[in-house]
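# Structural overview for review
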Amino acid sequence: MDRLQRFTAKRRPPKKRMLVTGAKGLLGREIFHSFCREYEVSAAGVRECDVTSPMECRRAILGFRPDVVVHCAAYTAVDKAESEEETAFSVNAFGTRNVARLCRETGCLMVTYGSDYVFDGKSTRPYEEEDEAHPLSVYARSKWGAEQALREEDPEFLLIRSQWIYGPHGRNFVFAILDRARRGEPLRVVSDQTGCPTYARDLAEATKRLIDVRARGTFHFSNEGETTWFEFARFILDHACPGPVSLSSARTDELPYPAPRPAYSVLSKEKYRKATGVAPRSWEEALLEFLKRTYEGGVAW
Ligand SMILES: NC(=O)c1ccc[n+]([C@@H]2O[C@H](COP(=O)([O-])OP(=O)(O)OC[C@H]3O[C@@H](n4cnc5c(N)ncnc54)[C@H](OP(=O)(O)O)[C@@H]3O)[C@@H](O)[C@H]2O)c1
């Protein structure tokens, strides 16, 4: 290291600190990977910080003193939530309240994620941030409860509603489809629910952009375009599955999923676009990149 390098290294300001809750989940891991160069990141899984415990949240936040908390911890088992209402509310609504309260007390920014399922799916155009919520399922009500808790506790916050998230780090639709295809199982996928897939890496990047422009309040983010779960599955198989697979479409009421879901939940990204000056890329482009990165040569096995 020469003298100039030593001088600039000494002068470099200390990194900002970020605490990630739910850091072992699909999005939590992606956030860690996307932010760990720029921030000093404390990655807290449920063992380090169970968000249903006000004491553990206090210990994690006061102990680390983050500038930003990215709250990814959540109960996300949409169908199981129908029979585990108390747990879903405890993690999603009460847990978010605990984190939000500590963020307000310590004056740090709280970033967290909401769901398209807070809407009932009756809209005929993409949902905007201020559209009225009308959650249909227990999971959706618990996520709406999380939003209400956040607004009541009123820390400085950034709430990003998203949908149909996939990525390399956890259970998700892309892996589920390819696993079943690999086992030679016939696939039946619903064709009457319309939304848009979101690549976790793009969502993490969008989070970074919103933080950088000091955006606050509620935003929607997914990749661009719209599709059905059936078309999403077909695209995955067409681009990553080497052999023939039996894929057929089904109506929602033909499949035994206990939780009701919105028939249409495309999110408008206009507010995000205006705030950041950047448009999300299409879901097809993002998915192709993910498949290429995950499966060398684009083939899943
Ligand atoms: N995935 C999607 O399609 C989607 C769509 C819209 C919005 N979102 C939202 O995005 C956020 C991240 O979701 P995700 O897809 O990353 O979900 P995920 O993979 O299920 O991650 C959630 C993480 O939270 C942890 N957790 C559960 N209970 C906890 C508790 N009491 N205290 C601390 N951690 C706890 C889970 O640990 P265990 O696994 O050990 O339980 C898991 O690691 C959530 O707010 C979710 O609602 C997701």
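The structure we're discussing is the one just above.
Okay, so let's go over this structure. (Residues numbered from 1 in each chain as written. Predicted model: local features only at pLDDT ≥ 70, side-chain atom pairs only at ≥ 80, totals over all residues. Heavy atoms only, no water.)

### Some thoughts on the environment of P126
The test is simple: Strands here mean DSSP runs of E at least two residues long; helices mean DSSP runs of H or I at least four residues long; both are numbered from the N terminus. Remark: exposure states derive from per-residue accessible area (1.4 Å probe, protein chains only) relative to the maximum for the residue type, with buried under 20%, exposed over 50%, and partly exposed in between. What makes two residues a contact is simply this: any of their non-hydrogen atoms within 4.5 Å.
The residue P126 is located in the loop between β4 (109-115) and α5 (138-153) in this model. On the accessibility criterion, P126 (32% relative accessible area) is partly exposed. Counting along the chain gives 140 residues from P126 to V266, while the straight-line C-alpha distance between them is 4.9 Å. If we skip the residues at most four places from it in the chain, P126 touches D131, Y264, V266, L267 and S268.

### Section: the nonpolar core
Our working definition: We call a set of buried Ala, Val, Leu, Ile, Met, Phe, Trp, Tyr and Cys residues a nonpolar core when their side-chain atoms join them within 4.5 Å.
Counting residues in each nonpolar core, the largest one holds 59 residues, and the members touching the most others are V174, L178, F232 and L287. Within the residue set of this core, elements represented by two or more residues are α3 (54-64), α4 (85-106), α5, β5 (157-162), α6 (173-182), β7 (187-190), α8 (229-240) and α10 (283-294). If you tally residues by element for this core, the top one is α8, at 8 residues. Discounting residues that sit within four places of it in the chain, F232 has contacts with W164, Y166, F173, V174, P197, T227, W283 and L287. Counting 27 residues, the second largest nonpolar core, distinct from the first, contains V20, I31, Y39 and V41.

### As for the packing of helix α2 (residues 26-35) against helix α7 (residues 200-212)
Let me state the cut-off plainly: Note on geometry: axes are lines fitted to C-alpha atoms, helical ones only across the stretch in contact, with angles between N-to-C directions running from 0 to 180 degrees. Roughly parallel covers angles under 35 degrees, roughly antiparallel covers those over 145, roughly perpendicular covers 65 to 115, and oblique covers all other angles. In this scheme the crossing of two helices becomes right-handed for a clockwise turn of the near helix relative to the far one and left-handed for an anticlockwise turn of less than a right angle. Just so you know the grouping, Ala, Val, Leu, Ile, Met, Phe, Trp, Tyr, Cys and Pro go in nonpolar, Asp, Glu, Lys and Arg go in charged, and all remaining residues, Gly too, go in polar.
Put simply, α2 and α7 touch, their axes get as near as 9 Å, and they point 55° apart. With respect to their mutual orientation, α2 and α7 come out oblique. Of the two elements, α2 crosses α7, and the hand of that crossing is right-handed. Along the contact surface, α2 presents L26, L27, E30, I31, S34 and F35, while α7 presents A200, R201, L203, A204, T207, K208 and I211. For the contact of α2 with α7, the class distribution of residues is 8 nonpolar, 2 polar and 3 charged.

### A short note on the pairing of strand β3 (residues 68-71)
To keep things clear, this is the line we draw: Should DSSP find at least two bridges between two strands, the strands are taken to pair. Handedness of a crossover is defined as follows: orient the strands so they point away from the viewer, and if the path from the first strand over the helix to the second runs clockwise, the crossover is right-handed.
A two-sided burial pattern is seen for β3, the buried positions comprising V68 and V70 on one face and V69 and H71 on the other. Pairing of strand β1 (residues 16-21) with β3 involves 4 bridges; the strand directions are parallel. Counted as the bridge partner of L19 is V69 from β3. In the sheet, β3 pairs with β4 via 4 bridges, with the strands oriented parallel. For V69, the partnering residue across the bridge sits in β4 and is M110. Viewed along the sheet, the connection from β3 through α4 into β4 turns out right-handed.

### Things to note about the site of the ligand
The cut-off we apply is this: A cutoff of 4 Å decides nearness: a residue is near a molecule or strand if any of its heavy atoms lies inside that distance of it. A 3.5 Å cut-off defines polar contacts: any pair of N or O atoms within that distance qualifies, except that in protein one atom must be a possible hydrogen donor and the other a possible acceptor, and neighbouring residues in sequence count only when both atoms are side-chain atoms. All accessible areas in this document rest on Shrake-Rupley with a 1.4 Å probe, and a residue is counted as covered only by the protein chains that are shown.
In the vicinity of the ligand, 23 residues are found, and the nearest of them are L27, D50, T76, Y139 and K143. Within the side chain of D50, an N or O atom sits 2.9 Å from a nitrogen atom of the ligand. Y113 is positioned with one of its backbone polar atoms (N or O) 3.4 Å from an oxygen atom of the ligand. Protein chains bury 79% of the 890 Å² of accessible surface belonging to the ligand in isolation. Breaking the shell around the ligand down by element, the ones donating at least two residues are α2, β4 and α5.

### Describing α7
Defined as follows: In a helix, the anticipated span is given by 1.5 Å times the number of residues less one.
For α7, built from 13 residues, the straight-helix expectation of 18 Å at 1.5 Å per residue is met to within 8% by its first-to-last C-alpha distance of 18 Å. Here α7 has its buried residues at A200, D202, L203, A204, A206, T207, K208, L210 and I211. Positive phi appears at R214, one or two residues downstream of α7, with a value of about 60°.

### Considering α2
In an α-helix, one turn spans 3.6 residues, which is why side chains three or four residues apart end up on the same side. Of all 10 residues in α2, 7 are buried; the element is thus mostly enclosed. Taken together, the buried positions of α2 are L26, L27, G28, E30, I31, S34 and F35. Tucked into the core, α2 has its buried residues touching β1, β2 (39-44), β3, β4, β6 (165-166) and α7.

### As for the sheet that holds β3
The parallel open sheet is built from 6 strands, whose spatial order is β2-β1-β3-β4-β5-β10. Strands with a single pairing partner mark the edges of an open sheet, and in this sheet they are β2 and β10 (217-220). Each strand axis lies, on average, 20° off the axis of its neighbour in the sheet, ignoring direction. Bridging between β1 and β2 involves 6 bridges; their strand directions are parallel. Looking at the pairing, K16 lines up with Y39 of β2. Most of the contacts of α5 go to β5, to which it runs at about 160°, and overall it touches β4, β5 and β10.

### Notes on unusual backbone geometry
Phi at D154 takes a positive value of approximately 55°, unusual for a residue other than glycine. Here D154 is to be found in the loop between α5 and β5.

### Quick notes on the packing of aromatic side chains
The condition that has to hold: Aromatic pairs are defined between Phe, Tyr and Trp rings, using the six-membered ring for Trp, whenever the two ring centres lie within 6.5 Å; interplanar angles under 30 degrees are classed as stacked, those over 60 as edge-to-face, and all others as tilted. Only Lys NZ and Arg CZ are tested; either one counts as a charge over a ring when it is within 6 Å of the ring centre and within 35 degrees of the ring normal.
What the rule picks out here adds up to 17 aromatic pairs. Ring centres 5.9 Å apart and planes at 45° place the aromatic pair F175 and F290 in the tilted group. Here F175, found in helix α6, pairs with F290, found in helix α10; they are 115 residues apart in sequence, far enough to count as distant. With a relative accessible area of 18%, F175 lands in the buried category. Accessibility expressed as a relative area gives 1% for F290, which makes it buried. Taken together, the ring pairs in this structure connect W164, Y166, F173, F175, Y199, W229, F232, F235, W283 and F290 into an aromatic cluster. It is K208 that lies over the ring of F35; its NZ or CZ is 5.3 Å from the centre. Above the plane of the ring of F219 lies K271, whose end atom (NZ or CZ) is 4.6 Å from the centre.

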